[in-house]
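# Observations on chain architecture
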Amino acid sequence: MMTVNRRTITVLAIIAVILVAVFGITRWQRSVATKKLLADMTSKDYAKVMDAMNQLKDRGGSITPALLNEEHLGSSYAPARWRAATLLGEVGNRSAVEPLKGALKDEIPSVRAAAALALGKMGAKDAASDIQALLAAADEDVAVRIAAARALGLLKHEAAVSDLSSIL
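Notes on the structure follow. (Residues numbered from 1 in each chain as written. Predicted model: local features only at pLDDT ≥ 70, side-chain atom pairs only at ≥ 80, totals over all residues. Heavy atoms only, no water.)

## Structural notes on the overall build of the protein chain
The helix and strand tally for the protein chain stands at nine helices and zero strands. Traced from its N-terminal end to its C-terminal end, the protein chain shows the element sequence α-α-α-α-α-α-α-α-α. Its C-alpha atoms give the protein chain principal-axis dimensions of roughly 80 × 40 × 20 Å. Taken over 168 residues, the protein chain has a buried fraction of 38%. (Helix = DSSP H or I, 4+ residues; strand = E, 2+ residues; numbered from the N terminus. Buried < 20%, exposed > 50% of the residue type's maximum accessible area, 1.4 Å probe, protein only.)

In structure tokens form, the structure reads like this:
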């Protein structure tokens with residue numbers, strides 16, 4: 001039987017404390033970096049925005065709550081809403097479905113288009129009728145209707161075929 005002396009136990013405890021500290025510091029640094037990237041999403045510098053979006057996409061669904069707040073999808077700044085909708089489609093968290101369905105009624109066409117595509121990428125079949133309404137609206141912006149058609153294609157929503165046929 002192996003005996004463990006007091007020195008060995010102390011060394012193991014120190015190693016465990018160091019590992020926990022490194023893990024905690026790493027999580028804290030990642031949190032700080034995420035907050036900075038989210039702030040960069042509202043920048044007017046397009047290169048900074050694209051870099052932030054690419055890095056945030058890798059963080060996955062954990063950023064969804066931040067993207068749904070008043071600084072992003074709920075912002076008065078239309079590009080921030082468009083960017084948030086686009087990124088929500090990339091991270092694909094189901095908690096974003098209802099807010100994105102609301103964004104289908106946004107006053108800005110690019111936001112409506114981004115929301116439709118995001119819902120399509122997320123596989124939100126429960127949003128298909130809302131997206132189909134965008135496609136069927138004759139007075140809707142052409143880019144929004146194209147995005148709606150793409151979204152319905154991603155959802156494999158066959159009921160939209162008649163709307164597509166009438167548009168063509």
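## Regarding the pattern of salt bridges
In a structure, side chains of opposite charge can pair up when their charged atoms sit close to one another. In the structure shown here, the tally under the stated rule is seven salt bridges. Notably, a salt bridge pairs Asp126 with Arg94, separated by 3.3 Å at the nearest N-O pair. In this pair, Asp126 sits in the loop between helix 6 (109-122) and helix 7 (128-136) while Arg94 sits in the loop between helix 4 (78-91) and helix 5 (97-103), placing the two residues 32 residues apart along the sequence. On the accessibility criterion, Asp126 (40% relative accessible area) is partly exposed. Judged by relative accessible area, Arg94 falls into the partly exposed class, the value being 45%. The shortest N-O distance in the salt bridge between Arg112 and Glu140 comes to 2.6 Å. Taken together, the residues span a long stretch of sequence, with Arg112 in helix 6 and Glu140 in the loop between helix 7 and helix 8 (142-154) at a distance of 28 residues. Judged by relative accessible area, which is 11%, Arg112 ranks as buried. (Salt bridge = Lys/Arg side-chain N within 4 Å of Asp/Glu carboxyl O.)

## Structural notes on the environment of Gln132
In this fold, Gln132 is placed in helix 7. Accessibility expressed as a relative area gives 17% for Gln132, which makes it buried. Sequence spacing of Gln132 and Lys36 is 96 residues, and the spatial spacing of their C-alpha atoms is 37 Å.

## Considerations on the nonpolar core
Across soluble globular proteins, nonpolar side chains have a tendency to be buried as a group. In terms of nonpolar packing, the biggest core is built from 42 residues, with Leu67, Leu100, Leu119 and Ile131 touching the most fellow members. For this core, the elements supplying multiple residues, two or more each, are helix 1 (6-40), helix 2 (46-57), helix 3 (64-67), helix 4, helix 5, helix 6, helix 7 and helix 8. With nine residues, the top contributor of residues to this core is helix 6. The contacts of Leu100, once residues within four sequence positions are left out, are Leu73, Ala85, Leu88, Ala115, Ala118, Leu119 and Met122. (Core = buried A, V, L, I, M, F, W, Y, C linked by side-chain atoms within 4.5 Å. Contact = heavy atoms within 4.5 Å.)

## Considerations on a nonpolar patch on the surface
Judged by side-chain polarity, Val11, Leu12, Ile15 and Leu19 come together as a nonpolar surface patch covering roughly 380 Å² of accessible area. One can find Leu19 in helix 1. (Patch = residues over 30% accessible without salt bridge, like charges linked within 9 Å, V, L, I, M, F, W, Y side chains within 5 Å. Areas by Shrake-Rupley, 256 points an atom, 1.4 Å probe, with all protein chains shown as cover.)

## Thoughts on helix 7
Taken together, the buried positions of helix 7 are occupied by Ala128, Ile131, Gln132, Leu134 and Leu135. All buried residues of helix 7 project into a common sector of 155° when viewed along the axis, lining one side. (Arc of directions from axis to C-beta.)

## What about the packing of helix 2 against helix 4?
Between helix 2 and helix 4, the least distance of the axes is 10 Å, while the angle of their chain directions is 25°. When the interaxial angle is binned, helix 2 and helix 4 end up roughly parallel. Considering how the two elements wind past one another, helix 2 and helix 4 form a crossing that is right-handed. Side by side, helix 2 and helix 4 meet where Val49, Met53, Leu56 and Lys57 of the first sit next to Arg83, Thr86, Leu87, Glu90 and Val91 of the second. Classifying every residue of the contact of helix 2 with helix 4 by side-chain character gives five nonpolar, one polar and three charged. (Axes fitted to C-alpha atoms, helices over the stretch in contact; angles between N-to-C directions. Parallel < 35°, antiparallel > 145°, perpendicular 65-115°, else oblique. Left-handed = near helix turned anticlockwise from the far one by under 90°. Nonpolar A, V, L, I, M, F, W, Y, C, P; charged D, E, K, R; others polar.)

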